[in-house]
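Residue-level structural notes
For reference, the chains in residue letters:
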Amino acid sequence: MPRKPLIAANWKMYKTPAQAQEYVKLFLPLVANHERDEVVLCPSFTSLSVVIAAVTGSGVGVGAQNMYSAEEGAFTGETSPLMLKAIGATHVILGHSERRQYFAETDESVNRKLKMALKHELTPIVCVGEVLAEREAGKTEEVLLRQTRGVLAGITAAEAAPMVIAYEPVWAIGTGKTATPQIASEAHRVIRGEVEKLLGAETAAALRILYGGSVKPDNATALMAEEEIDGALVGGASLDAQSFGKIVNY
Ligand code: PGA
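Quick notes on the rules
- Residues numbered from 1 in each chain as written.
- Predicted model: local features only at pLDDT ≥ 70, side-chain atom pairs only at ≥ 80, totals over all residues.
- Heavy atoms only, no water.
- Disulfide = S-S within 2.5 Å.
- Near = heavy atom within 4 Å.
- Polar contact = N/O pair within 3.5 Å; in protein donor to acceptor, adjacent residues only side chain to side chain.
- Areas by Shrake-Rupley, 256 points an atom, 1.4 Å probe, with all protein chains shown as cover.
- Nonpolar A, V, L, I, M, F, W, Y, C, P; charged D, E, K, R; others polar.
- Salt bridge = Lys/Arg side-chain N within 4 Å of Asp/Glu carboxyl O.
- Helix = DSSP H or I, 4+ residues; strand = E, 2+ residues; numbered from the N terminus.
- Buried < 20%, exposed > 50% of the residue type's maximum accessible area, 1.4 Å probe, protein only.
- Contact = heavy atoms within 4.5 Å.
- Pairing = 2+ DSSP bridges.
- Axes fitted to C-alpha atoms, helices over the stretch in contact; angles between N-to-C directions.
- Core = buried A, V, L, I, M, F, W, Y, C linked by side-chain atoms within 4.5 Å.

Describing the state of the cysteines
What the rule picks out here adds up to zero disulfides. With no disulfide of its own, C42 lies closest to C127 among cysteine sulfurs, the gap being 9.5 Å.

See the structure below:
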């Protein structure tokens, strides 16, 4: 079965609810009847409800950028998977490099979140990727193997099936430097190979691996032409509806 590409917008900490609503109004006509790819918008928590209401009936999905690994409790400032489900979110980004870098997330904490997202049937988009120093030291493969094993610890093939992985080389995020389609494909093969070892050939073959890191309208087509690349997680270039519309229509 061919893997249906997933193109996701990661708005990071941008846009008020009013700005988010305005964006959706401009964006939906650009992707009307778009069936080739799954399209998902990931706004900040405060805009989730507004965006979910605005995309109703369009086929566009909505995801959160983070969540906590408990259903409820005394965890000030956190958001539970039950809360995301209750408002109609369908996806959740986990372990983004900015969460790892600024908010002390680790493979272990991402693993706990991943289990919880799968339990509550949110489609997790789990981010992995090496920093520049690791790439320059020839450690890319080692890092990807360690992260893949770490985030998947204790998860069965049946449980992992809905999961999506995003390969996001940290040196390419927000820098304007994109991994070449070849570099990205090579990394995706490493990740898929490890998933095959851990969860079996069937799960690995069905797993969607997105590329993220300075995806723009002018490089999306070349990236998406790679057999190993099953979609994109787009930051900066997703903030403008026209620009993200062009990426979705690569
Ligand atoms: P970028 O961000 O497209 O701005 O590089 C990608 C991401 O962080 O998901």
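Text resumes after the structure shown.
Focus: the site of the ligand
For the ligand, the set of nearby residues contains 13 residues, the closest of which are K12, H96, E168, G174 and S214. The separation between an oxygen atom of the ligand and a polar side-chain atom of N10 is 3.4 Å. Note that an oxygen atom of the ligand is positioned 2.7 Å from one of the side-chain N or O atoms of K12. Taken by itself the ligand offers 280 Å² of open surface, and the protein chains cover 97% of this. Grouping the constituent residues of the shell around the ligand by class yields four nonpolar, seven polar and two charged.

Side note on the pattern of salt bridges
Overall, the coordinates contain 14 salt bridges when judged by the stated rule. Between E194 and R149 there is a salt bridge, and its shortest N-O distance comes to 2.8 Å. Of the two residues, E194 sits in helix α9 (residues 181-199) while R149 sits in helix α7 (residues 140-152), which places them 45 residues apart along the sequence. The class of R149 is partly exposed, set by a relative accessible area of 41%. The salt bridge partner of D230 is R192, with a shortest N-O separation of 2.8 Å. You can see D230 sitting in the loop between α11 (217-224) and β8 (231-234) and its partner R192 sitting in helix α9, a full 38 residues away along the chain. You'll find D230 and R192 in the same group, each marked buried. Salt bridges here are not isolated pairs; linked through shared partners, they connect R3, R192, E228 and D230.

Description of the environment of V31
Considering the arrangement of structural elements, one finds V31 in the loop between α1 (17-27) and β2 (38-42). With relative accessibility at 6%, the residue V31 sits in the buried group. For the pair formed by V31 and V62, sequence separation is 31 residues and the distance between their alpha carbons is 14 Å. Not counting chain neighbours up to four residues away, the residues in contact with V31 comprise V60 and V248.

A closer look at the sheet that holds strand β5 (residues 123-128)
Ordered in space as β1-β2-β3-β4-β5-β6-β7-β8, the eight strands form a closed barrel in which the pairing is parallel. Sheet twist, expressed as the mean angle between neighbouring strand axes with direction ignored, is 25°.

Structural notes on the nonpolar core
With 65 residues, the main nonpolar core has F27, L41, M163, Y211 and F244 as its most contacted residues. With six residues, α9 is the largest single contributor of residues to this core. Discounting residues that sit within four places of it in the chain, Y211 has contacts with Y167, P169, A172, T178, A179, A184, H188, L223, I229, G231, A232 and L233. In terms of nonpolar packing, the next biggest core, distinct from the first, is built from 11 residues, L6, C42, L210 and L233 among them.

Looking at the side chain of D37
Tracing the backbone through its elements, the reader meets D37 in the loop between α1 and β2. Here the side chain of D37 touches H34 through a polar contact of 2.6 Å, side chain to side chain. In contact with D37, other than residues within four places in its own chain, are K4, P5, I7, V248 and Y250.

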